[in-house]
Amino acid sequence: MTPDTSGSDVETLLGRSFSLPIPVRSRDDIDRRVESAIASHTERRARQVRGFRFPTPARRLLLGVAAAALLTGTVAAGGTIFSRLIGGAPLMENVWDRATEIDQSSTDAGYTIHLERAAADREHVWVIVSVTAASGTEASTGRMRVIDANGVVIRPGTCAGTGDVFQGVSAALCGCNVPAGITPHGPYTLEVTSVTTDAGEIETPGHWTFTFDVPLTAPFNPGPASATVRPDAP
Amino acid sequence: MELTQRIAEPLALADAPLDDRLAAEARTDPKAFAPLYERHVERVYRYLRARGANEDGAAELAALTFERALSHIDRYRPGGSGFGPWLLRIARNAFVDAGRRRGNRSLDLDEVTGLAAPGRSPEETAIGAEERRRILSFVAQLPDVQRDALALRFAGGLSSREIAPVIGKSEAATKKLLTRSLATLKEAMRNDA
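Residues numbered from 1 in each chain as written. Chains lettered and ligands numbered in written order. Predicted model: local features only at pLDDT ≥ 70, side-chain atom pairs only at ≥ 80, totals over all residues.

### Considering the overall build of chain A
Along chain A, the regular secondary structure elements total 6 helices and 11 strands. Residues classed as buried in chain A amount to 46% of the 234 residues present. Sequence-distant contacts, at least 24 apart, represent 68% of the contacts inside chain A between residues at least 6 apart. (Helix = DSSP H or I, 4+ residues; strand = E, 2+ residues; numbered from the N terminus. Buried ≥ 20, exposed ≤ 12 C-beta atoms within 10 Å, placed from the backbone. Contact = placed C-beta atoms within 7 Å.)

Here it is, written out as structure tokens:
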């Protein structure tokens with residue numbers, strides 16, 4: 001049978017041929033990148049609006065709540081970026097307070113990454129990292145992953161900036177999602193393979209590795225949504 | 001060749017004002033960018049796949065597109081050709097830049113046609129895959145500008161008026177370009193039958 005190749009049929013065929021769904025893995029990758037960009041811009045915007053410099057660690061960490069709210073995507077599996085962004089979030093101060101101090105540094109490609117603290121529960125491994133550039137440029141961690149003692153790769157969700165947590169250095173809280181059905185076991189290896197500058201537009205490859213061990217804690221509770229709109233909290 | 005053939009225009013984006021509102025809001029509150037992303041991510045991904053990017057490449061370039069769009073949201077002008085065309089122009093530039101760095105790729109037919117359409121029987125899927133393979137093989141033989149216009153239309157969902165500023169042509173020239181492309185495809189399909 002001769003196929004009908006009228007104009008409209010060709011158009012229908014083209015429409016069908018180009019209607020490719022986004023594979024789940026690809027969608028997750030894109031979601032993470034965009035969430036991270038939004039978090040970065042939110043933090044930057046908050047700084048511009050408030051012109052803030054946090055005088056005390058407590059204030060800085062509370063300020064971090066707004067940015068850390070973007071981590072909701074790593075807490076609530078599923079849903080759209082939109083729904084995740086407006087949901088609750090783990091409080092940065094809770095993560096900080098219950099995290100274990102690691103205090104390790106690694107330098108490569110002109111950037112020093114400092115692993116400040118880390119924590120783990122059954123769903124996440126949390127790392128708090130800061131980046132300093134030899135050039136003085138503001139930088140953030142780019143690609144990273146955590147590997148547990150059994151070789152399980154724990155990929156990050158969104159990293160959210162928290163203001164200048166440590167000696168004027170911008171730090172970020174990153175929540176890495178433990179695969180379903182897995183209980184993470186330490187010691188853990190944090191591998192960072194790039195840093196970004198210029199709001200994530202420029203990516204510089206490198207290799208920064210940290211080994212740390214932290215006890216498994218109870219899950220971190222999401223904070224109230226209202227916390228996301230309290231940048232002037234004491 | 002039926003150069004006067006009328007091409008069915010997709011409906012103009014009914015929600016363009018909403019896009020403009022969200023884009024304006026995103027200038028001061030980046031979180032307003034999230035719904036914009038949700039609304040347009042599929043068309044951007046499809047466009048990049050239609051241009052020949054593989055799954056990983058399309059995901060990478062789609063992410064890059066939205067990162068750039070957010071970074072330059074101040075440059076978006078509401079009331080112009082629309083947020084979708086603006087976004088696809090960024091995606092197009094990202095694809096062209098990537099092509100320059102890595103060498104241009106042709107359509108990955110095996111990947112494209114290997115995807116089963118949801119809700120279809122294996123037989124229907126096989127027939128559909130063969131049809132897709134055929135037409136995409138003809139699309140791959142078109143000049144780049146025609147492939148681009150077809151991708152913007154059928155993957156990006158843009159009208160001729162919206163495609164024109166993206167590819168830097170007038171609306172009339174864009175309509176002619178699309179008409180010619182479709183006529184060429186139709187002819188090729190008929191000869192191949």
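Next comes the rest of the description.
### Looking at unusual backbone geometry
Residues and elements named next belong to chain A. The omega torsion of the bond from G186 to P187 falls at 0 degrees, within 30 degrees of zero and hence cis. For P187, the location among the structural elements is in the loop between β8 (169-177) and β9 (188-197). One non-glycine residue, D103, lies in the positive phi region at around 55 degrees. With respect to the helices and strands, the residue D103 is situated in strand β2 (residues 100-108). D103 sits in the exposed class, given 10 other C-beta atoms within 10 Å. Positive phi values are uncommon outside glycine, yet A109 reaches one of about 55 degrees. Residue placement: A109 occurs in the loop between β2 and β3 (111-120). Residue classification places A109 among the partly exposed residues on the basis of 14 C-beta atoms within 10 Å.

### Some points on the pairing of β2(A)
Residues and elements named next belong to chain A. Of the strand pairs in this sheet, β2 and β3 are connected by 7 bridges, and their pairing is antiparallel. The partner of S106 across the bridge, within β3, is I113. In this antiparallel pair of consecutive strands, β2 and β3, the connection spans 2 residues, and A109 shows a positive phi of 55 degrees. (Pairing = 2+ DSSP bridges.)

### What about the packing of helix α8 (residues 160-167) of chain B against helix α9 (residues 171-192) of chain B?
All names here are of chain B. Packing of α8 against α9 leaves a shortest axis separation of 8 Å and a crossing angle of 100 degrees. When the axes of α8 and α9 are compared, the pair comes out roughly perpendicular. From α8, S160, R161, I163, A164 and I167 reach across to α9, where they touch E171, T174, K175 and L178. Taken together, the residues that form the contact of α8 with α9 break down as 4 nonpolar, 2 polar and 3 charged. (Axes fitted to C-alpha atoms, helices over the stretch in contact; angles between N-to-C directions. Parallel < 35°, antiparallel > 145°, perpendicular 65-115°, else oblique. Nonpolar A, V, L, I, M, F, W, Y, C, P; charged D, E, K, R; others polar.)

### Some remarks on the environment of A:F210
Residues and elements named next belong to chain A. With respect to the secondary-structure elements, F210 resides in strand β10 (residues 202-212). As a C-alpha pair, F210 and V192 span 18 residues in sequence and 8.7 Å in three-dimensional space. If near-sequence neighbours (up to four positions away) are discounted, F210 is found in contact with Q104, S106, L115 and L190.

### Notes on the confidence of the model for chain B
The predicted coordinates should not be examined in detail at positions where pLDDT is low. Residue and element names in this part refer to chain B. For chain B, per-residue confidence averages 80 on the pLDDT scale, and residues scoring 70 or more make up 78% of the total. Ranking the helices and strands of chain B by mean pLDDT puts helix α7 (residues 144-154) first, with 94, and helix α5 (residues 109-114) last, with 44. Contacts for the low-pLDDT stretch residues 105-119, under 50 throughout, to residues beyond four places or in other chains number 27 contacts. The ipTM, which scores confidence in the relative placement of chains, is 0.82 for this predicted complex, and the corresponding pTM is 0.55. (pLDDT = per-residue confidence, 0-100.)

### Some thoughts on α8(B)
Turning to α8(B), its buried residues number three or more, namely B:S160, B:E162, B:I163, B:A164 and B:V166. B:G168 occupies a position one or two residues after α8(B) and carries a positive phi of about 75 degrees.

### Remarks on the nonpolar core
Residues B:V44, B:Y47, B:L48, B:L61, B:A62 and B:A91 are the most contacted members of the largest nonpolar core, which totals 62 residues. Take this core: its biggest share by element is 10 residues, from helix α2 (residues 33-50) of chain B. Look past the residues within four positions of B:A91 in its chain and what remains in contact with it is B:V44, B:Y47, B:L48, B:L61 and B:T65. Counting 33 residues, the second-largest nonpolar core is a separate cluster that includes A:V146, A:I154, A:V178 and A:L190. (Core = buried A, V, L, I, M, F, W, Y, C linked by C-beta atoms within 7 Å.)

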